[in-house]
Structures are given as C-alpha cells and as structure tokens.
Amino acid sequence: MKLKTQLNNFPFSPNKIPFFYGWIILFASTVGVLASAPGQTTGVSTFTDYLIDAIGISRTQLSTAYMVGTIGSSLVLTWAGKMYDKYGARWVGMIVAVALAFILILLSQSDRIINFFVSDINSGFYIGFAVAVLMILFFMLRFSGQGVLTMVSRNMLMKWFVARRGFVNGISAIFVALGFSVAPLTFDMLIQGTSWRMAWLLMAAFIGIFFVLFVFLFFRDNPEDLDMIPDGEKHANKEHDVIIKPFKQFTLSEAKKTMSFWLFSIPLAMYALYITGFTFHLVSIFENAGLSREKALAVFIPVSVISVALSLGGGWVSDRIKLKYLLYLIFIGEILALVCLANLNGGIFYFGFILGNGIASGLYNVLMAVTWPRFYGRENLGRITGFVMSLIVFASALGPMLLSFSFLKTENYSIGFYVLALIILAALFLAYKADNPQDNYTNVQDFS
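Residues numbered from 1 in each chain as written. Predicted model: local features only at pLDDT ≥ 70, side-chain atom pairs only at ≥ 80, totals over all residues. Heavy atoms only, no water.

1. Regarding the overall build of the protein chain
Scanning the protein chain for helices and strands turns up 19 helices and 0 strands. What you see for the protein chain is a C-alpha radius of gyration of 22 Å, in line with the 22 Å of a compact globule of 448 residues. Counting only C-alpha atoms and orienting by the principal axes, one finds that the protein chain spans roughly 70 × 50 × 35 Å. Counting only residues that meet the buried cut, the protein chain has 60% of its 448 residues in that class. Once local pairs closer than 6 in sequence are excluded, the contacts in the protein chain between residues at least 24 apart make up 86%. Surface exposure of the protein chain reaches about 17,500 Å², of which carbon and sulfur atoms provide 68%. Taken together, the 31 basic and 24 acidic charged side chains of the protein chain have centroids lying 6 Å from each other. (Helix = DSSP H or I, 4+ residues; strand = E, 2+ residues; numbered from the N terminus. Rg over C-alpha atoms; globule rule 2.2 N^0.38 Å. Buried < 20%, exposed > 50% of the residue type's maximum accessible area, 1.4 Å probe, protein only. Contact = heavy atoms within 4.5 Å. Areas by Shrake-Rupley, 256 points an atom, 1.4 Å probe, with all protein chains shown as cover. Lys, Arg positive; Asp, Glu negative; His and termini not counted. Charge placed at Lys NZ, Arg CZ, Asp CG, Glu CD.)

2. Some details on the nonpolar core
One finds Phe278, Phe286 and Trp372 to be the most contacted residues of the largest nonpolar core, which totals 142 residues. Among the elements that take part in this core, helix 7 (residues 124-160) stands out by supplying 18 residues, more than any other. Apart from residues lying up to four places away in sequence, Trp372 is in contact with Phe261, Phe264, Ser265, Leu268, Leu367, Gly377, Leu381, Ile384, Thr385 and Val388. (Core = buried A, V, L, I, M, F, W, Y, C linked by side-chain atoms within 4.5 Å.)

3. Topic: the confidence of the model for the protein chain
Here the protein chain averages 88 in pLDDT, and 95% of its residues register 70 or above. Of the regions scoring below 50 in pLDDT, residues 235-244 engages in 17 contacts with residues more than four places distant in sequence or in other chains. Confidence over residues 444-448 falls short of pLDDT 50; this stretch has 20 contacts with residues more than four positions distant or in other chains. (pLDDT = per-residue confidence, 0-100.)

4. Considerations on the pattern of salt bridges
Under the counting rule described, the total for this entry stands at 9 salt bridges. With a closest N to O distance of 2.8 Å, Asp111 and Arg197 form a salt bridge. Of this pair, Asp111 sits in helix 6 (residues 110-117) while Arg197 sits in helix 9 (residues 196-218), placing them 86 residues apart in sequence. Among the residues examined, Asp111 registers a relative accessible area of 8% and is labelled buried. For Arg197, a relative accessible area of 16% corresponds to the buried category. For the salt bridge of Arg164 with Asp231, the shortest nitrogen-to-oxygen distance reads 3.7 Å. You can see Arg164 sitting in the loop between helix 7 and helix 8 (165-193) and its partner Asp231 sitting in the loop between helix 9 and helix 10 (238-244), a full 67 residues away along the chain. Several salt bridges converge on common partners, so that one network encompasses Lys4, Lys159 and Asp221. (Salt bridge = Lys/Arg side-chain N within 4 Å of Asp/Glu carboxyl O.)

5. Notes on the side chain of Asn365
Within the element layout of this structure, Asn365 appears in helix 17 (residues 348-376). Within the structure, Asn365 has its side chain in polar contact with the side chain of Arg154 (distance 3.5 Å). Side chain to side chain, Asn365 and Ser311 meet in a polar contact 3.3 Å long. Contact partners of Asn365, with chain neighbours within four places excluded, come to Arg154, Asn169, Ala173, Ser307 and Ser311. (Polar contact = N/O pair within 3.5 Å; in protein donor to acceptor, adjacent residues only side chain to side chain.)

6. Topic: the environment of Ser396
Its location among the elements puts Ser396 in helix 18 (residues 381-410). Taking the C-alpha atoms as reference, Ser396 lies 4.0 Å from Leu273; in sequence the two are 123 residues apart. Ignoring any residue separated from it by four or fewer positions in sequence, one finds Ser396 in contact with Thr70, Arg142, Gln146, Ala272, Leu273 and Thr276.

7. Here's the deal with unusual backbone geometry
In this structure, the amide linkage connecting Phe10 to the following residue, Pro11, adopts the cis form with an omega of 5 degrees. In this model, Asp227 sits at a positive phi of 60 degrees, which is unusual for a non-glycine residue. Along the chain, the position of Asp227 falls in the loop between helix 9 and helix 10. For Asp227, a relative accessible area of 72% translates into the label exposed. Positive phi is not limited to glycine here, since Glu411 has a value of about 65 degrees.

8. Quick notes on helix 7
Taking 1.5 Å of rise per residue, the 37 residues of helix 7 would be expected to cover 54 Å, and the 55 Å separating its terminal C-alpha atoms lies within 8% of that figure. Considering bend angle alone, the principal kink of helix 7 is centred on Arg142 and spans about 30 degrees. Across the 37 residues that make up helix 7, a large majority, 28, are buried. (Expected span 1.5 Å × (residues − 1). Bend = angle between axes of the 7 residues up to and from the residue.)

See below:
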C-alpha cells in the first residue's frame, strides 16, 4: 500500500459517515489555509517593527532578507507540489505543520540566535550576519506557511468537488478572508497582551500540537482513494461528466505552453506582489499619507467584506461562466487599488482602494483555486499549482523591496504603485485570449 493511502480509514472510515465527507474536507481545508496565517505577509507584518528594534537593522535590510528568503522558497515549491502528488495532503500537511511550528520558535528567538554568534552589534560583521540569518528564517517561514500549507489545503478541496468546485471554494473563502482580515489585529492584541516573542511561541504551540493532530484526523487527499467520487454523487449531466474526467490531463510542461496558463498566473502573481509590499510597509504607507496606524490596521475589515461577497458570488458564478470574464474583473480591481494607493488619502482614494482591493482579493481566491483543475485536470494538480505558487511567492518577494526602493528614491510609494498598475494594464489587453485549453479537446463549451 502506498504511503499516500496508508491509514486512510484510521481512526475512522470517511466513507461510512452518514453524509458526504467532502463537507468535512471543506472545513478542514479552510482551517488549513487559516493556519498558514503566521507565514503569510499579513501575519509577518505585525512583527516587522519589533524585529527591527530587537535585532537593530533597518527596514530596507529587513525587506532585503524577506525578499531573498521568499524568493528562495519559491524555487522549491514546484518540488513541493511533486511531493504532494506523490504523498498526498494528509502526510505532507502534517510534515509542513511541524516545520511551520519549528520556524516560529526560531523566529521568536531570532535576536538571541544572532547575538549568540555575534554579540557586538557595532561590529561590521553584525549586520551582514543578522540579515543572513533572517534570510534563512524567512525562507523556511514562507516555504512552509505561505507556500506548501496553503497549496495542500486548497488542492485537497478542489479534488473533492468538481461540479460544485466554485461554490465550495467561495464558502471557504468567506472564512479565510474574515480570518486573514482580523489576523493583524489579533496578532497585535496577542503581542500587546504578552510580547512579540511569546506571541510567536504560542502560535508555534498551537500549530505544532493541535493543528498537526487536526490534519491527521481530517485531511484526506482525494475521494477515489476511499471508494467515493467528487461531489458525492454521479452526474447525469454530460457537461459535468466532461469536467470530472477532462479529455486532456495536462502535464506541467504542457500547461506552461498554453497562453491561458500565463494570463491567469499574471494577476495572481501581481496581486501577491502589491499586497505583500503594501502589507509589509502598511503603517509606513499610511503614515506617509498622513493617516494613523489604527486607520491602517482597520482597512482589512471593509476589504474583507467585499472580498467575501466576491469570493462567494464569484465562486458560484465560476461554475456557470467562462473564467476569463472573472479575469477581466480582477485586472480592473487591481488597477483601481494601485492607482488609489498611489494617491492615498482619507477620502475617496481610501475607499477606492478598499473597493479595488476587495475585488482583487475576492477573485484571487476564486481563480487561484478553480482555474487549474478545470483547465488542466487533477492528475498533475500538485505540480501545476506548485509552479503557480512558486510564481506567486517569487512575485510576493519583490513587493516589499520595490516599495522600499520607491520610498528611498522619492520619499513616497506612488511611483512603485504606478509601475505595477501599468504592467497589469498591459496584461489586461491580452486577457481576451485566456480561453480554456480543454476547448481544443472537447466540444463542450458551457463550463470553459
């Protein structure tokens, strides 16, 4: 028996519960994505000022370490996707959860680790060594949290549903958006109630003990391994049968040869780039615009309301229309958000950013999940989404440094936001070519 399917019926048999196990997978997948929050920029950003003060480095130096560590993690995510295809969500999920807990412990002691090896903070060697240590720590954090745990959780859900794929992803996205929107405030309250060091230790304990057990109990890779089928029912509808068993199961190399692959990857990567840079420099961006820290932290809640609505509505609609129509909308949302950030104030541009980013965030959740299995099949889903995640993580690494460079040269962030808006505008003009590659192998068009 393959390791991927070992203990699938322990401590209980999913196919013997009185309802379709996919609904438990929906819950488990959502918890899995939420558990990645400490490894997401929204989680890291709350700790950046404390790291700068504790270690004694500049914001640019911290941004550099974050960028290099994140880029490094992106280079191995395709390999992680291959491991996911081989070993499944349950075992990979447990391993990466342990790794995430371990790195949170190391981050909580990062200043002490650096000082253990180089105690003289005034020495010329100190800054270089501190940045190098942070590069390694951020590499591990971004690989385990933002990268693998997110990929595993989302892919698992997409394997258990096909006809309702967009709908269940929308349900999951509601709780993910709400969770991520309150994460900065929650983490900040945890820090204020204890310390930045203890906050990371408490997160590590929760993930390393309770979440690992949760993954073992509830994660299962796909329904076929348990003598079940996606959605828990047979589909008499011919169109649904085509989607459940696509005519063409693309390999990663074949997927990369299609224009649609890149046209859908671009907005996902660009969203990750600008939202990571924005979140990383959140307080500084708002202070530069004359707005308070409280105003900065509060922006996530109204964004999440729009994001939730678009995630659920977009997920439901995605089961019924061509995905390239949603591609147009995410491009427009990103352009609106970036132009408003470049002119940020307490009035119309503040609310314009909330609207644009809410649209982009909501549709990111939809397109990141439903595009790849619909366009390229489920057989090599780990490899394909692993590569897409590597692009997204690589792009996210550039965000903080790009905005740091913009601020360093011009004393504001506007130039950086305008450059990104122009890149997205150029991609928008090509979006009409983003058709489903399955159309070349089947006459069914309704679910393209």
